[in-house]
Amino acid sequence: MSEPFSVPVTVRGYETDVQGHLNQAVYLNYAEHARWSLLHAAGISQSALIGSGVGPVALETTIRYKRELLAGDEVEVTCAFAWGGGKTFRIEQSVLKADGSVAAEITAVGGILDLEKRKLVADPAEVFKKLASDPGLFGL
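Residues numbered from 1 in each chain as written. Predicted model: local features only at pLDDT ≥ 70, side-chain atom pairs only at ≥ 80, totals over all residues. Heavy atoms only, no water.

The name given to the protein chain in an unreviewed UniProt entry is Acyl-CoA thioester hydrolase, with Streptomyces paradoxus as the source organism.

The following block contains the structure:
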């Protein structure tokens, strides 16, 4: 697994629910933001993906809520890729509070879709190696 990449996020008031907690769906937005930030840091843009005829797809996502987040909380959202054989990869993410405690753990399974064939590519790691200026950020 790669070393975790991270991005800072401040919980905004409009993202909270009636109890004042971060709304459950927003955790997915934070995770997605961290993933796209990692791709950008590695030198992969959306236009480069589309230009190569591929795009990342989410196949499964699990969120484990550990501690509440409130408006104004400063968090770090981490992102690390784990590669196995086959057409999919795993992404391990954490939402960490300023004190280092874990607010949420997010595990996702993804793949790279061939946009013409509408099928997963056989080796997604190879796609990231080819497109990235810094494939080390993906643990490659």
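(A) Here's a closer look at the nonpolar core. Counting residues in each nonpolar core, the largest one holds 36 residues, and the members touching the most others are Ile-44, Leu-69, Val-77, Phe-81, Val-95, Phe-128 and Phe-138. Elements that contribute at least two residues to this core include exactly strand S1 (5-10), helix H1 (24-41), strand S2 (54-65), strand S3 (74-83), strand S4 (88-97), strand S5 (102-114) and helix H3 (124-131). Counting residues per element, this core draws most heavily on H1, which supplies seven residues. (Core = buried A, V, L, I, M, F, W, Y, C linked by side-chain atoms within 4.5 Å. Buried < 20%, exposed > 50% of the residue type's maximum accessible area, 1.4 Å probe, protein only. Helix = DSSP H or I, 4+ residues; strand = E, 2+ residues; numbered from the N terminus.)

(B) Structural detail: the packing of aromatic side chains. Applying the stated rule across the entire model yields nine aromatic pairs. Both rings, one in Phe-81 and one in Phe-138, keep their centres 5.1 Å apart while their planes meet at 85°; by these two values the pair is edge-to-face. Of this pair, Phe-81 sits in strand S3 while Phe-138 sits in the segment after H3, placing them 57 residues apart in sequence. Assessed through its relative accessible area of 2%, Phe-81 is described here as buried. Taking relative accessible area as the criterion, Phe-138 reaches 0% and is therefore assigned buried. (Phe/Tyr/Trp six-rings, centres within 6.5 Å; stacked < 30°, edge-to-face > 60°.)

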